[in-house]
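Examination of the molecular architecture
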Amino acid sequence: MAGPEFEVPALTEYTEVPKIKEGATAHLKSFIAAEASQSYLGYPHQLPADWKERVLDRMGQVLEKYRSVRVFMDACVHCGACTDKCHYFLGTADPNNMPVARQELMRKVYRRYFTLPGKIAPWLVGAEDLTEDTLNKWYNYYHQCSECRRCSVYCPYGIDTAEITMAGREILNHVGIGQKYSSEILVKVQKIGNNLGLPGPALEDTLLGLEEDIEADTGVPVKMPLDVEGAEILLVTPSADFFSEPHVESLIGYAKVFHAAGASWTLSSKASEAGNFGLFNGNYETMRAIAMRIRDAALELGVKRIIVGECGHAWRVAYAFWNTLTGIGYGGDDPFSVELQKRLDPRYPQPMHICEYTWDLIEKGVLKFDKSLNDDRVITFHDSCNVARGSRMGTEPGGQFTIPRNIIRAVANNYQDMAAETIGESTFCCGGGGGLLTDDLIEVRVKGALPRMNAYNNVVQGQSVNFLALICAICKAQFTKVLPYYGFDRNMVGGVHQLVGTAIKLD
Amino acid sequence: MTSLTIFYSVLFYIATLVLLGGVAYRIYEYARTPAPLNIPTTPAPTSKGGVAVRMAREVVLFESLFKSNKWIWLFGWLFHVGLALVLLRHLRYFQEPVWFWVEFIQPFGKYASFAMVAGLAGLWARRFLVDRVRYISTPSDHLMLALLIAIGLSGMLMTFVAHTDIVAVKAFMLGLMTFNFHPMPADPVLMAHLFLVAVLMIIFPVSKLLHAPGIFFSPTRNQADDPRETRHIAPWAAALERDRA
Ligand code: HEM
Ligand code: SF4
Ligand code: SF4
């Protein structure tokens, strides 16, 4: 690894709130998308002559379509409660990374063109003309937000800056300013079937290879079925689970759980990606088109249950939006929803998280473990933002916190939580979510990880923790990359189902 | 009728119309705009009843703010509770006979004004002292606090120092409500107080004071966490489905 070209923040016991440093990250700009991906997605790729009208027109449309944006534009009182809640502000000190200031970048324009006081007396209410400089700021700072929703927990009105960031990216795309990383992923997933852009045959090979590995390892023929029609369960998982370390260890874990439960399950080459970057870009139609692949695969394969692997934003989209977008869920009485519902097994929640599935089997006593196989590990669990603040597991609010921890405690002996104000609903983002997991943003990613790294360092020093367990593909990739910057071993990171896979007894 | 009475009568009719009409229109806008996706900040209640409880805790106790920042919570809560009591106490100028409980809270309302002004002063101090809050403050944020403090102080002046002719004020107000006009007393403190109140009423529907109705429409707080059981679909999204199905 080449040495970083920026200063890595020093670890401290508590994450201190920095004094603001104007412009500290104004120069950090993610690479802009080129023509190919933008035009595939139906966006221009350079600023059109009438960009100003287009921005305001699109903004007006967003305000008409999304109550969140409309209410959030009006309701903020500038109380400042959110100013010290964003990990990117804590790590960079750039005031535009304070949630309210990030919103303000858009609110200034909203006030100027959509409200009476802003039209009459812009200087009074902080309204500003829309200029190319505005768009530059939008682009930079809406790509220094991981849409983690931590700010929305602490705002007295629940103002969710993620909604503003999404709106900002959506508007920018419509005037040809897209982010290369997300834009290309959105093309790959739609053209090839997954974010990594790996075609069906490669997937098949990988799965066969993994089956051989597991059998060599355990002597048990654990299968990883692909495109099996008539299987009961469709597993939809982030494509990183097939090809990246440590993700693949969790895939092995899922397969072992299915094997031990005697379940009939399959993966799908069509739906070989749970991730849905349509969420990050705030475009409903793109998000829907990507989610529809899952519905189509489920109908084609004739499965009765849909289970989602370890991925944070994918779980938010699946849990909270699939029913709306694709009818995967209950309660819809339109023909579109009913068509799918009559195929699905009503005894189970749809979709279901792999942790819900595993925990249910553990509670029923179906799975057996040798916990001592995890004894070399002292484990802590990082709550991933989208799971923590945008979804649920089980039937009780907060199940998304208890269920993964219950699983860890059932399969391992040494577990230690990080400080309470850094987990659960208060969890700090890994620093790489929301479409920021790209090398051109490495400085933002490293600095944004600071609050999490501080909390982690405390349990490493104090409680000898040596394993950071996760249920998110983006967090896994981000931490493997960022831990070394802070002096930790990248192999400390792994999935909850990696722990399950280590301890599970197969026969 | 004196020109003073005419001025204040017209002012209060306009202010009332702007406040009621403006806020009603904003509420209509919020209600009309769909929330296409289920986005409560979780963990969230799973039922409508639970949502009502969550909302009540936010509105009455400022629960999220309490989690967030104890100083803002303290000052903000003092201010709002003070304001609420003061407003309720003011009901007596608009009714005859005065309801029992309005009578009952008079002494509390009287001293609540101290809490209100102290809270406002604390909030204002933060706008100078905390660099992050200074950075986000606009001139209108300062003016809003100045306006509320001026209303509070002019009111307190009349309550505790230079008593105004309450009977005459009440006659004026009841007169406005029944179109049976009585003169507006020519007390400068009262004139200032009522003028500032009218200004506050007029700017309400175009300012950040919209947080009061806004909180009830905030999707992260007013939605139940039930997306696997209920299909949320906005009319414009359902139209997409029909077109593309
Ligand atoms: C549903 C009723 C209301 C709720 C739940 C509510 C809640 C809040 C909260 C949580 C804050 C942030 C903390 C703070 O700065 O105090 C706030 C700020 C504020 N509220 Fe309210 N409020 C309500 C009604 C009102 C009304 C009726 C007014 C005035 C006429 C008002 C005036 C203000 C002002 C001026 C601020 C900003 C204070 C500052 O500049 O720091 N609020 N409100
Ligand atoms: S959503 Fe997360 S990253 Fe974005 S402003 Fe809020 S706290 Fe920061
Ligand atoms: S906490 Fe909410 S109301 Fe307060 S400044 Fe932040 S976004 Fe605005």
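Note that residues are indexed from 1 along each chain, following the sequence as it is written. Note on labels: chains are lettered from A, ligands numbered from 1, in written order. The predicted origin of the model limits local features to residues at a pLDDT of at least 70 and limits the giving and counting of side-chain atom pairs to 80 or more, whereas totals for whole chains, interfaces and linings rest on all residues. Where side-chain values are given, they derive from all heavy atoms of the structure, hydrogens and water being excluded.

A word on the overall build of chain A
The cut-off we apply is this: The numbering of helices and of strands both runs from the N terminus, where a helix is a DSSP run of H or I of at least 4 residues and a strand a run of E of at least 2. Relative accessibility under 20% of the residue-type maximum defines a buried residue, over 50% an exposed one, and the middle range a partly exposed one, all with a 1.4 Å probe and only protein chains included. Contacts between residues were defined by any pair of non-hydrogen atoms, one from each residue, lying within 4.5 Å. Accessible surface area values rest on a Shrake-Rupley calculation with a 1.4 Å probe, where residue burial reflects the displayed protein chains alone. Lys and Arg are tallied as positive, Asp and Glu as negative. Neither His nor the chain termini are counted. Lysine's charge is taken at NZ, arginine's at CZ, aspartate's at CG and glutamate's at CD.
A tally of regular secondary structure across chain A gives 25 helices and seven strands. For chain A, the spread of C-alpha atoms along the three principal axes comes to 75 × 55 × 40 Å. Expressed as a percentage of its 507 residues, the buried residues of chain A come to 67%. Within chain A, contacts between residues at least 6 apart in sequence are counted, and of these 79% link residues at least 24 apart. Taken as a whole, chain A presents about 16,800 Å² of accessible surface, with 50% of it coming from carbon and sulfur. The centroid of the 50 positive side-chain charges in chain A is displaced by 4 Å from the centroid of its 61 negative side-chain charges.

Concerning the coordination of the iron atom of ligand 1
Coordination angles at a metal have ideal targets, namely 109.5 degrees for four tetrahedral donors and 90 or 180 degrees for six octahedral donors. Residue and element names in this part refer to chain B. The line we're drawing: For Na, K and Ca the donor cut-off is 3.2 Å, while for other metals it is 2.8 Å, and in both cases only N, O and S atoms qualify; water is not among them, so sites may look incomplete. Only two sets of limits are used to name each site, 85 to 135 degrees for every angle of a tetrahedral four-donor site, and over 155 degrees for opposite donors with all other angles from 65 to 115 for a square planar four-donor or octahedral six-donor site, with any other site named irregular.
Protein coordination at the iron atom of ligand 1: the donors are His80 (NE2) and His211 (NE2), at 1.9 to 2.0 Å from the metal. One can describe the donor arrangement at the iron atom of ligand 1 as octahedral, given that its six donor atoms subtend angles of 84 to 180 degrees at the metal. You can see His80 sitting in helix α4 (residues 70-90) and its partner His211 sitting in helix α11 (residues 211-217), a full 131 residues away along the chain. For His80, a relative accessible area of 27% corresponds to the partly exposed category. When its relative accessible area of 14% is taken as the criterion, His211 is described as buried.

Description of helix α6 (residues 106-129) of chain B
All names here are of chain B. Rules: What a helix is expected to span follows from its residue count: subtract one and scale by 1.5 Å. The bend reported for a residue corresponds to the angle between axes fitted to the seven residues ending at that residue and the seven starting there.
Between its first and last C-alpha atoms α6 spans 35 Å; for 24 residues at 1.5 Å apiece the expected length is 34 Å, and the two agree. By the largest-angle criterion, Ala112 marks the main kink of α6, which is about 25 degrees. Residues of α6 that are buried: Gln106, Gly109, Ala112, Ser113, Met116, Val117, Gly119, Leu120, Gly122, Leu123, Arg126 and Arg127. Packing partners of the buried residues in α6 comprise α4, α5 (100-104), α7 (131-136) and α8 (139-161).

A word on the interface of chain B and chain A
To be explicit about the condition: Two parts placed together each lose some accessible area under a 1.4 Å probe, and the buried area is that loss summed for both. The term salt bridge refers to a side-chain nitrogen of Lys or Arg lying within 4 Å of a carboxyl oxygen of Asp or Glu. A 3.5 Å cut-off defines polar contacts: any pair of N or O atoms within that distance qualifies, except that in protein one atom must be a possible hydrogen donor and the other a possible acceptor, and neighbouring residues in sequence count only when both atoms are side-chain atoms. Basically, the charged four are Asp, Glu, Lys and Arg, the nonpolar ten are Ala, Val, Leu, Ile, Met, Phe, Trp, Tyr, Cys and Pro, and anything else, Gly included, counts as polar.
With 61 residues of chain B at the contact, the number on the chain A side is 86 residues. In this assembly, chain B packs against chain A so that about 5,900 Å² is buried in total across both faces, 57% of it on carbon and sulfur atoms. Contact with chain A buries surface across chain B, with Arg132(B), Arg228(B) and Arg231(B) losing the most and accounting together for 15% of the total. Ionic pairing is found between Arg132(B) and Asp84(A), a salt bridge with its closest N-O pair at 3.9 Å. The interface formed by chain B and chain A contains 46 residue pairs in polar contact (both at pLDDT 80 or more). Within the residue set of the side of chain B that touches chain A, elements represented by two or more residues are α1 (3-32), α3 (63-68), α7, α8, α11, α12 (219-222) and α13 (235-244) of chain B. Split by residue class, the side of chain B that touches chain A holds 27 nonpolar, 17 polar and 17 charged.

Comments concerning the sheet that holds strand β6 (residues 467-470) of chain A
One key point about sheets: their strands pair by backbone hydrogen bonds, in either a parallel or an antiparallel sense. All names here are of chain A. The following threshold applies: Whether two strands pair depends on DSSP finding at least two bridges between them. Only the stretch in contact is used when a helix axis is fitted, and all axes are lines through C-alpha atoms; the angle between N-to-C directions ranges over 0 to 180 degrees.
If you walk across this open sheet you meet the three strands as β5-β6-β7, and the pairing is parallel. Each edge of the open sheet carries a strand with a single partner, namely β5 (379-381) and β7 (493-495). The sheet shows a mean angle of 35 degrees between the axes of neighbouring strands, taken without regard to direction. Most of the contacts of helix α24 (residues 473-482) go to β7, to which it runs at about 165 degrees, and overall it touches β6 and β7.

Thoughts on the domain arrangement of chain A
All names here are of chain A. Rules: Domain delimitation in this document rests on an assignment produced automatically or drawn from a domain database.
Assigned domains of chain A: these are domain 1 (35-184), domain 2 (192-362) and domain 3 (368-503). Using C-alpha coordinates to define each centre, domain 2 is positioned 22 Å away from domain 3. Across the boundary between the two partners, domain 2 contributes 29 residues, which contact 30 residues of domain 3. Between domain 2 and domain 3 the total buried area reaches about 2,400 Å² when both faces are included, carbon and sulfur atoms providing 68% of it. The shortest N-O distance in the salt bridge between Glu310 and Lys476 comes to 2.7 Å.

With respect to the site of ligand 1
The condition is simple: Only a single heavy atom is needed: when it lies within 4 Å of a molecule or strand, its residue is near that molecule or strand.
Near ligand 1, the surroundings consist of 23 residues, among which Tyr157(A), Gly76(B), His80(B), Arg127(B) and His211(B) are the closest. Those chains with residues close to ligand 1 are chains A and B. Lys208(B) has a polar side-chain atom sitting 3.2 Å from an oxygen atom of ligand 1. Listed by contribution, the elements that provide at least two residues to the shell around ligand 1 are α4, α6, α8 and α11 of chain B. Counting residues per element, the shell around ligand 1 draws most heavily on α4(B), which supplies five residues. Looking at the shell around ligand 1, its residues break down into 18 nonpolar, three polar and two charged.

Let's talk about the environment of Thr161(A)
Here Thr161(A) shows up in helix α10 (residues 161-174). Thr161(A) sits 75 residues away from Val236(A) along the chain, and the two C-alpha atoms are 29 Å apart.

Here we look at the site of ligand 3
Taken together, 13 residues lie near ligand 3, and Cys76(A), Cys79(A), Gly80(A), Cys82(A) and Cys155(A) sit nearest. When the residues that make up the shell around ligand 3 are grouped by side-chain class, the tally is ten nonpolar, three polar and no charged.

A look at a negative patch on the surface
All names here are of chain A. Stated precisely, the cut-off is as follows: What goes into a patch is any residue over 30% in relative accessible area without a salt bridge, connected to like charges within 9 Å or, for nonpolar side chains (Val, Leu, Ile, Met, Phe, Trp, Tyr), within 5 Å.
There is a patch of like negative charges on the surface, built from Glu204, Asp205, Asp227 and Glu229. For Asp227, the position within the fold is in the loop between α12 (200-218) and β1 (233-236). Relative accessible area serves as the criterion here: at 33%, Asp227 is assigned to the partly exposed category.

Overview of the packing of helix α19 (residues 354-363) of chain A against helix α21 (residues 399-411) of chain A
Residues and elements named next belong to chain A. Heads up, the condition is: Here is the rule for angles: anything less than 35 degrees is roughly parallel, anything more than 145 is roughly antiparallel, 65 through 115 is roughly perpendicular, and the remaining ranges are oblique. Each helix crossing is assigned a hand: it is left-handed if the near helix lies turned anticlockwise from the far helix by less than a right angle, otherwise right-handed if that turn is clockwise.
Relative to each other, α19 and α21 sit at 50 degrees, their axes nearing to 9 Å. As summarised for this structure, α19 and α21 are arranged oblique, according to the angle between their axes. The element α19 and its partner α21 pack so that their crossing is left-handed. Here Cys355, Glu356, Thr358, Trp359 and Ile362 of α19 lie close against α21, whose contacting residues are Ile403, Asn406, Ile407 and Ala410. For the contact of α19 with α21, the class distribution of residues is six nonpolar, two polar and one charged.

Here we look at the packing of helix α2 (residues 51-65) of chain A against helix α3 (residues 67-75) of chain A
Residue and element names in this part refer to chain A. Remark: α2 packs on α3, axes separated minimally by 5 Å, with the N-to-C direction vectors making an angle of 100 degrees. When the interaxial angle is binned, α2 and α3 end up roughly perpendicular. Where α2 approaches α3, its residues Val62, Leu63, Glu64 and Lys65 are matched on the opposing element by Arg67, Val69, Arg70 and Met73. Residue composition of the contact of α2 with α3, grouped by class: four nonpolar, no polar and four charged.

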